Every structure is written in structure tokens, then in C-alpha cells.
Amino acid sequence: MSTEDRPPAPRSLAEALRARGDASLGALLRSRPDLITPVPTDLTQLATRAGTRASVVRALERLDRFALQTAEALAVAADPATYGELLGLMAGDDPDPAVVAALPHALDGLREQALVWGGDDRLRLVRTARELLAPSPQHPSPTGLGPTVQEATAGMSPGRIQEIVTAAGLASTHDSVSAVTALAGLFTDRARMAALLADAPADSLDVLERLVWGPPYGQVTADPAPRLRWLLDRGLLLPTAPGTVVLPREVALHLRRGLAHRAPEPVPPVVETAAAHRPQVVDSTAAGQAYTALATVEELLKDWDEGGPAVLRAGGLSVRDLKRTAVALDVPEPVAAFWVELAYAAGLIASDGEADERYAATPAYDEWLELPAAERWSRLVTAWLAATRTAGLVGGRDAKDRTLSALGPGLDRSAAPEVRHRVLALLAGLPEGAAPAAGSVLARLRWERPLRGDRREDDLRSRLAEWALSEAELLGVTGRGALSAQGRALLGAPAAPAKSPEAEPSGPGDKLPVHHHHRSTPLVPLSPAEQAVASAAAARLLAPLLPEPLDHVLLQADLTAVAPGPLRRPLADMLGVLADVESKGGATVYRFTPGSVRRALDAGQAASDLHAFLAAHSRTPVPQPLAYLIDDVARRHGHLRVGAASAYVRCDDDAVLSEILADKRAAGLGLRRLAPTVLAAQADPAGLLEGLRAMGFAPAAESAEGDVLITRALAHRTPPRTAPEPVPDGPPVPDDTLLAAALRAIRAGDLASTTPRKPGAAPAVNGELPRTGAAETLATMQAAVLTGEALWIGYVNAEGAASQRVIAPIRVEGGFVTAYDHTADEVRTYPLHRITGVAELADDAG
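Residues numbered from 1 in each chain as written. Predicted model: local features only at pLDDT ≥ 70, side-chain atom pairs only at ≥ 80, totals over all residues. Heavy atoms only, no water.

Trainee: Let's hear about the overall build of the chain: which residues, and what values?
Mentor: What the chain contains, in helices and strands, is 33 helices and 26 strands. For the chain, the proportion of contacts with a sequence separation of at least 24, taken over those separated by at least 6, is 67%. Accessible surface, the chain as shown: approximately 40,700 Å² in total, 55% of it carbon and sulfur. (Helix = DSSP H or I, 4+ residues; strand = E, 2+ residues; numbered from the N terminus. Contact = heavy atoms within 4.5 Å. Areas by Shrake-Rupley, 256 points an atom, 1.4 Å probe, with all protein chains shown as cover.)

Here it is as C-alpha cells:
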């Protein structure tokens, strides 16, 4: 293309955006969704918004390390810079082929995100990004470079500048500007700089070596040492403040052989494989973990079935209640906090909202229990993937030095879902059965989002990744550290890459470097509809791997029952009432005690029911000691009757009542004999029942009619509750429909603001609306109806939002104008009093 045919270079970011196609603008709005919240009126407003500090900071935080290094190099380059100058800063005098190959893609990414604009001959970093990344005494550049010679000598006396030029071997000039230019020219000339430094004392070169990679500032005394004096005299160090000197940028770049960064990183760190297992072993191990996860959540909710711990005044669980929960689940406290938070994120537990507020299961928990095991698991892991509440923070401190408690405020971290998904996506890129080295995963994440490491919170992103790896193992998404088949399906990931023969490990400890091209398309989080499909697919893969629930136990003569696997729900529920769990693991051991048998009788079971139940569900004969235990407890159960007198005890055997009265432990019950077979008590019936049971008796409650009351433990449920909403990490990525509508509105608004006006019409300045009087506006509208010409108007809607539009009036009557609106591409009616002004378009306006 000849120079004459080449389109003119854009003079601003708005012009650069105006030259883009819809696909390119759509890519910008997808990568920076904050730019269309709300939708800009035109491309000038879009460019202005893209240059705001908050938006630029957010965009920089989403750059990978090499793209960020490219932006940092542009921040210390000339403005504008050529591609050759940028390549020199990134690759130096001895270009690395990897840097040369990766730089065009990194630059295209910066252009796509509107952080850089202009052609390769005039590259410009947006002003806000340059201010953020360029070096200053208050904010040193990440490159370690200092100010230029021109910046460092600003304010220096002309005489001193001439002295430096002369000492450096240059001819004196008549003005400071030419002197500074000559000095900068010397420092950027490789041959002349090499000759100048060849005469430098060795200890002066040592000083430069200490400053060359930054920070470039140093301290000097009023009488500098000879090694420093030699450098100061020749401008190789320049004073910036009393007692402070700086290494000029041009000198540092010469010493660095042109490199802006000590170690450019065009390729991401390799994710290493620490161990390799057979895929079948990984899947079965993960399935075992998934079953344990379901059992743990059920055990937690069963423990809170009749009302869980109290809610702290500030919200959340107390430290004591978390410890008690950890003991009940037989897990460490951080793991207990994870299970509690997971159940909360899945909507299975919540606060009951009562005056004496407590945590309890929600009605959704009962629905969840009725689902097949694999579907229950998929509900849990889907909630985990999207949750922003971060259990790993429990026990830490917030910004006000308050302890962060489980289920309490302050646990949301909006980056958590993205980090979880990215960690699992990296695992999905490994061969089947390959478990990564955790350190290499963290290094990869730090390369992908170097600014999101969040130094203020001790590298939160790395901690989130570590928690994601451990939580995925607890949930059965991974097995032995490797992503399982159901975990891969959960991400919507394709089949795992095949192993190369030479990559086969010789042992589980061998490390396999698994190379990924860092420009390949990563797995992206799924939409809610896509995630539902993926979760269903994961559940289908997991279902055959879960153990089949059993309908039997093995009764033993020592009053125990062994469940060799998971039990069907009715059997497990009944056995949980009739016996106490003694140990858990691959097989669960239940122990029968007088108290557990009495618990079953209190729940409405008769002795005959218990005998029939055990005989039907035991693969071994019912042991005689167990049968005797049931009969003995049943014979005494209900021998005493408790009712409301305030309360009373009656018994046909007056000797038993005499024994109770004589027992010192009954003193607190306030008992007195009303009749040979009746005792009255000051305690309420529930307290009387509890007191007599503590004394070793087995009383039964009775109604006012004298019938035995069958008391059942009623499950306490909260009112219907919704699961907590994740806290979004900024505006959501727009879908295709919203994006198309936004692009159409921006293009139309830009057409209205840039369409040429007729001579004499007030030009649009900085997006200002046209201003004309009411009479002139009406007359121009009526004339346009007759001629069919299009007009440019300013319009303020009922909400006070102002916009510019191009319309073709069709009818003017009753204080309204009906016109074809080119901006909206439809016929609309506008109140004349809301039109701020009108201008005719030039005859050649397109």
C-alpha cells in the first residue's frame, strides 16, 4: 500500500476505536465489561471511560506477566514509540527468539484491551497506564529504571550542565537544551558509551553495577568519594535531591544491553507432574472421597437436626462451637469450617431467624437427602465452584483486626471462583492420572496474573489456589492429586491429552514436565445453563463408582453391629436411633446400650418391633445378649408414669416410689407422696423425666388421659432460605444479545456526534448537545418535514440522561415530533420541550 493510500494514523484513542470493526470492539467489551456499565453514548465516551484510572487498573490486573512486561517497557519508551524500539527494550542486543515470537501477540492483546493504540510506527500507551507504570521517586518502575537524562536534569543550572557535558568529552553548547540532547545522545550511542566507561575506575563501575537493575536511586554525602565524583562529573549519576542521586535511564539501558527487564518471561512456567497414577485408581479414589464428603455433610446436618449452634451477635459460629463441630466430625477445625461453609453455600443450612437465633438445616436439606448420591455430590461441588465465601480465611483477622468466624461476615473473596476454575483447568491440561507439583501450579498462576497476587494480603491468589487443591481432594473432584473423570466433566473439559511414550514416569515420585503453549485457549467458566449440563454429566460418571447401599448388618455377641458399607437410608436412620456409632471408616461399628435401646422405645418402637427389625436386617442370628438387653429395657420402660401436676409420678409398686423418695439425688425434684402409688413433683414433666433417668430408672411420659406418650425428636428447620449469592468480581461478561445491542447503540450515538453539520451550525464540542431556541427548533423541524432532510438534535429523556441523535422528521403536531431515528433505527416520537437544540446536517453527510 502506498503512502497516499494508507489510512491516516489515529490522533486519539477514540479515533483508533472508531476505525475498529464490530468484532474488535466486541472483544474489547468482553475483556473489559466495566466499559459498558452503563452503555456509553458514543465512542468518544467509551475511549474516555477506557482511560479512567479504575478501569485501567482493572485491565492491568488481568494481564499475564509478559503482556504486563510489554506495557511496562512502553511506559519507559519514547511516546510514541516504534515497534523496533519496543522490541529493543524487550529483547535487548541479543534477541531471544521466544521474546521475538511472543511480542506481536502480547502487543495485539494490549491493543485489543485499548491499553495501547496506534500503528507499529506510533505505538502509544494510554496516558493513565503510563502514569501508573512509568518510574517516579514515589513509585519506582517495575523495570527498575529511573528517569531520563532530560527529566533528571530539569531544574539543574545551565552552568552545571555545561560542566557535565565538557567532562563527558562533548563540546560545550550555547543552551541547556542542546547540551542535554548531546548528553542523551552520548549515553544512547553504544560505541561512545563503551569508550567512556572503558576509562572508568573499577570501583565506579561497581557503583553502577549495584544500581543498574534498580532501584536506581542512591545516597551521597556533601563530599562524595572519588568513585562517585567521577560518575557525577560525567552525568552517569545525576542529583535529584540533596543527598540523593539517580542512574539515568539511558545509562542503565546501555549497561543492561538494551533490556527493560532483567528476565523477560514470554513463556509461562511449565506445570510439572509430581506423580502419575492409573486413571482407574484416580477415579475410584475420588469416588471414595466423594462418598466421604456426602457422609460428612449428612453427619453435620444430623448433628444440627434439632437446632444447631447459636448465631453470634456479629454473625457466624463461635470458636467453641466450631471446635465442638470439629470433634463431632472427627476432623481438624479448618476442615470443619470448610464443611460448614460448603453446606451454607449449597443452601443446606442457615439461620432460623428466631429471637434466640440458631443455625439449622433448611427445607432444601430434606429435598437434597432424597436425591441419588451422585446428584447430591454434584449439587455440592457446583456450589463450591461458584462460591466466593472462603473457608480458608476462618480464624484469620480482618482489616479491623477482628477474628473471622465460620458463617460470619468478611469471608467473601470475589477472586475465589476464578482461581478454583483456573486451578482445575490447569489439572485438566495434564495427562490422565497426572498429579501436578503444587509449586508449579502456583508459579503458573502468578505468571498469568502477576498483579492479582495482591501483595497487600500476602499473595491471596496463591493461598486461594492452595485451598482449591486441598478442597478439590476433600470433595472427590481430584483423587491422589489428579483430576478425576467426573472432575473433568464438571469443567466441561475435553478428553485428557494422551501421554507421550517418553513422558511415562518410572515411579510415582518422578517429575514430568508437561508443556502447554501459553497462547492456547484456556477453559473458561461455564454459564449457569452449561454448568447444569456439565454437573449432570459428572454425576452420571460418578454414580457407577459409588458403593451400592447395603440392606443388612452383621450382629455380634458383644452387643455391636458391623455395617460393612454404606447402608440404605431407612436402615441407617433406624440403626442410628437404636444404637450408638462406635467407630467409622470402611466399616461402621454400632454399639447397643440400655440408653440407645430406651431411645428407640421412646421413639414409639415396641420390643417386638425391634426384634423383627434386627432379624430382618442381620446376616447373622440375633445374639442372645442383645435380645436379653432389649427385653430387659422394654420390661422396665414405662413402669413409672410422669404427668403434669405440676408433675407427678405414679407406679403400682409403692416400694419403687419409696426407693425414689429415699434417694438423695431426688432432692432437687421436689417430690412428695400423694398416695401409696403417686408422687407429686415441683419439677416440670420434662425435668422429672430427665432426673429419674439420671437415677437409673426408665420412666415413660403419659397424657392427661393416662395413655403413654410416644415422643419423637422433631427436626428443627429454618423457614425457606436461598443460598448466599456469590460476590461478583466486577461486572459480568456481557452475553451476545447485550453486546450486540450495546455496539449498535454506541455506533449510532457516534454517528450522531460525528455527522457533519451545515456551515453556521454550532459544532459539537466534547459531546455537548446543540442549543437552539424553542421557535428555531420548531421552525427547523417543520422545514425538515417538507424537505425530508435529516437533523442532528440533542435530547434529554425523562430520567435526565442526555444524548445526541440523528433523526428524519415525519410529522410535527401537538408539541411532539414523530421521526425516523437513525440512532435507534426505528420510528419514535419525542416531546419538543425535551429537545435541547437542532442543527441541519451537511449535504454530503453519510
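Trainee: So, the sheet that holds strand S13 (residues 554-556): which residues are in play, and what are the values?
Mentor: The sheet built from four strands is open, its strands ordered S13-S14-S16-S15 with antiparallel pairing. Edge strands, defined here as strands with exactly one partner in the open sheet, are S13 and strand S15 (580-583). Averaged over all neighbouring strand pairs, the angle between strand axes comes to 30°, with direction disregarded. Here S13 pairs with strand S14 (residues 560-563) via three bridges, running antiparallel. Bridging from a neighbouring strand, Gln-556 pairs with Thr-560 of S14. (Pairing = 2+ DSSP bridges. Axes fitted to C-alpha atoms, helices over the stretch in contact; angles between N-to-C directions.)

Trainee: Describe the pairing of strand S16 (residues 588-591), listing the residues and the values that go with them.
Mentor: Pairing of S14 with S16, which is carried by four bridges, proceeds in the antiparallel orientation. In the strand pairing of S16, Val-562 is matched with Val-589.

Trainee: Let's hear about the environment of Pro-726: which residues, and what values?
Mentor: Relative to the elements of secondary structure, Pro-726 occurs in the loop between strand S21 (700-701) and helix H32 (736-754). When residues no more than four places from it in sequence are discounted, the contact partners of Pro-726 are Ala-386 and Thr-388.

Trainee: Kindly report on empty space enclosed by the protein, identifying the contributing residues and their values.
Mentor: If you walk through the whole model with that rule in mind, you get two cavities of 30 Å³ or more. Of the voids in this model, the largest cavity is the one considered here, and its volume is about 90 Å³. What lines the largest cavity is Phe-338, Glu-341, Leu-342, Ala-345, Trp-384, Ala-387, Arg-389, Thr-390, Ala-391, Arg-420 and Glu-471. With four residues, the single largest contributor to the lining of the largest cavity is helix H18 (residues 333-345). A per-class count over the lining of the largest cavity returns six nonpolar, one polar and four charged. Every residue lining the second largest cavity is listed: Ser-31, Arg-32, Pro-33, Asp-34, Ser-55, Arg-58, Ala-59, Arg-62 and Gln-113. When residues in the lining of the second largest cavity are grouped by element, the largest group, three residues, is from helix H4 (residues 53-61). Looking at the lining of the second largest cavity residue by residue, the classes come out as two nonpolar, three polar and four charged. (1 Å grid on protein atoms, 1.4 Å probe; cavity = no way out; pocket = protein on both sides within 12 Å on 5 of 7 lines; lining within 4 Å. Points joined across faces, edges and corners; volume = space filled by probe spheres on them. Nonpolar A, V, L, I, M, F, W, Y, C, P; charged D, E, K, R; others polar.)

Trainee: How would you summarise the pattern of salt bridges if you had to cite specific residues and measurements?
Mentor: Here the structure, examined in full by the defined rule, presents 36 salt bridges. Across the pair Asp-398 and Arg-402 runs a salt bridge, and its minimum N-O distance is 2.9 Å. Asp-398 sits in the partly exposed class, given a relative accessible area of 23%. Arg-402 sits in the partly exposed class, given a relative accessible area of 48%. (Salt bridge = Lys/Arg side-chain N within 4 Å of Asp/Glu carboxyl O. Buried < 20%, exposed > 50% of the residue type's maximum accessible area, 1.4 Å probe, protein only.)

Trainee: Tell me about the nonpolar core, residues and numbers included.
Mentor: Ranked by size, the top nonpolar core spans 89 residues in total, and within it Leu-17, Phe-187, Leu-236 and Leu-237 carry the most contacts. Take this core: its biggest share by element is seven residues, from helix H5 (residues 65-75). Setting aside chain neighbours within four positions, we find Leu-236 in contact with Phe-187, Met-193, Leu-196, Leu-197, Leu-208, Trp-230, Leu-231, Val-246, Leu-247, Pro-248 and Val-251. Core analysis: the second largest hydrophobic core is formed by 70 residues, Leu-322, Leu-404, Val-419 and Leu-464 among them. (Core = buried A, V, L, I, M, F, W, Y, C linked by side-chain atoms within 4.5 Å.)

Trainee: Could you give me a rundown of unusual backbone geometry, with the residues and numbers involved?
Mentor: Residues Thr-37 and Pro-38 are joined by a peptide bond in cis, for which omega reads -5°. In this fold, Pro-38 is placed in the loop between helix H2 (22-31) and helix H3 (43-50). Across the junction of Asp-79 and Pro-80, the peptide omega takes the value 0°, indicating a cis bond. Along the chain, Pro-80 falls in the loop between H5 and helix H6 (83-91). Even without glycine at this site, Ala-114 takes up a positive phi of about 60°. For Ala-114, the position within the fold is in the loop between helix H7 (97-112) and strand S1 (116-117). Positive phi is not limited to glycine here, since Asp-330 has a value of about 60°. Locating Asp-330 in the fold gives a position in the loop between helix H17 (319-329) and H18. Judged by relative accessible area, Asp-330 falls into the exposed class, the value being 65%.

Trainee: Can you lay out the side chain of Ser-405 for me, pointing to particular residues and giving the numbers?
Mentor: Relative to the assigned elements, Ser-405 resides in the loop between helix H20 (373-386) and helix H21 (416-428). Ignoring any residue separated from it by four or fewer positions in sequence, one finds Ser-405 in contact with Leu-312, Gly-315, Gly-316, Leu-317, Val-394 and Leu-411.

Trainee: Go over the sheet that holds strand S5 (residues 244-246), please, and point to the residues and values.
Mentor: Here we have three strands laid out as an open sheet, ordered S3-S5-S4, and antiparallel in their pairing. The strands lining the two open edges of the sheet, one partner per strand, are strand S3 (217-219) and strand S4 (238-241). Going across the sheet, the axis of each strand differs from the next one's by a mean of 40°, ignoring polarity. As paired strands, S3 and S5 are joined by three bridges and run antiparallel to one another. Considered in S5, the bridge of Gln-219 is made with Thr-244.

Trainee: An account of the packing of aromatic side chains is requested, with residue identities and associated values reported.
Mentor: Evaluated as defined, the whole model comprises four aromatic pairs. When the ring centre of Trp-368 is taken as reference, the NZ or CZ atom of Arg-376 above it lies at 5.6 Å. (Phe/Tyr/Trp six-rings, centres within 6.5 Å; stacked < 30°, edge-to-face > 60°. Lys NZ or Arg CZ within 6 Å of the ring centre and 35° of its normal.)

Trainee: Which residues make up the confidence of the model for the chain, and what values do they have?
Mentor: Across the chain, the average pLDDT comes to 85, with 89% of residues at or above 70. Throughout residues 500-521 the model reports pLDDT below 50, and contacts reaching past four residues in sequence, or to other chains, amount to 42 contacts. (pLDDT = per-residue confidence, 0-100.)

Trainee: Tell me what's going on with helix H25 (residues 528-542), and back it up with residues and numbers.
Mentor: Structurally, the α-helix is built with 3.6 residues per turn, so residues lying three or four positions apart point the same way. Compared with the 21 Å implied by 1.5 Å per residue over 15 residues, the 21 Å span of H25 between its first and last C-alpha is a close match. Restricting attention to buried positions, one finds in H25 the residues Gln-531, Ala-534, Ser-535, Ala-538, Ala-539 and Leu-542. One face of H25 carries all of its buried residues, which in axial projection span an arc of 145°. For H25, the exposed residues lying more than 90 degrees away from the buried face are Ala-529, Val-533 and Arg-540. Packed against the buried residues of H25 are helix H16 (279-303), H20 and helix H24 (485-490). (Expected span 1.5 Å × (residues − 1). Arc of directions from axis to C-beta.)

Trainee: I'd like a rundown of the packing of H21 against helix H22 (residues 438-448), residues and numbers included.
Mentor: For any two helices packed against each other, the geometry is given by the interaxial angle and the distance between the axes. Relative orientation of the contacting elements H21 and H22 amounts to 120°, with a least axis distance of 11 Å. If you check the angle between H21 and H22, you find them oblique. When you trace H21 past H22, the crossing you get is right-handed. Contacts between H21 and H22 involve Arg-422, Val-423 and Leu-426 on the former and, on the latter, Val-441, Arg-444, Leu-445 and Glu-448. Taken together, the residues that form the contact of H21 with H22 break down as four nonpolar, no polar and three charged. (Parallel < 35°, antiparallel > 145°, perpendicular 65-115°, else oblique. Left-handed = near helix turned anticlockwise from the far one by under 90°.)

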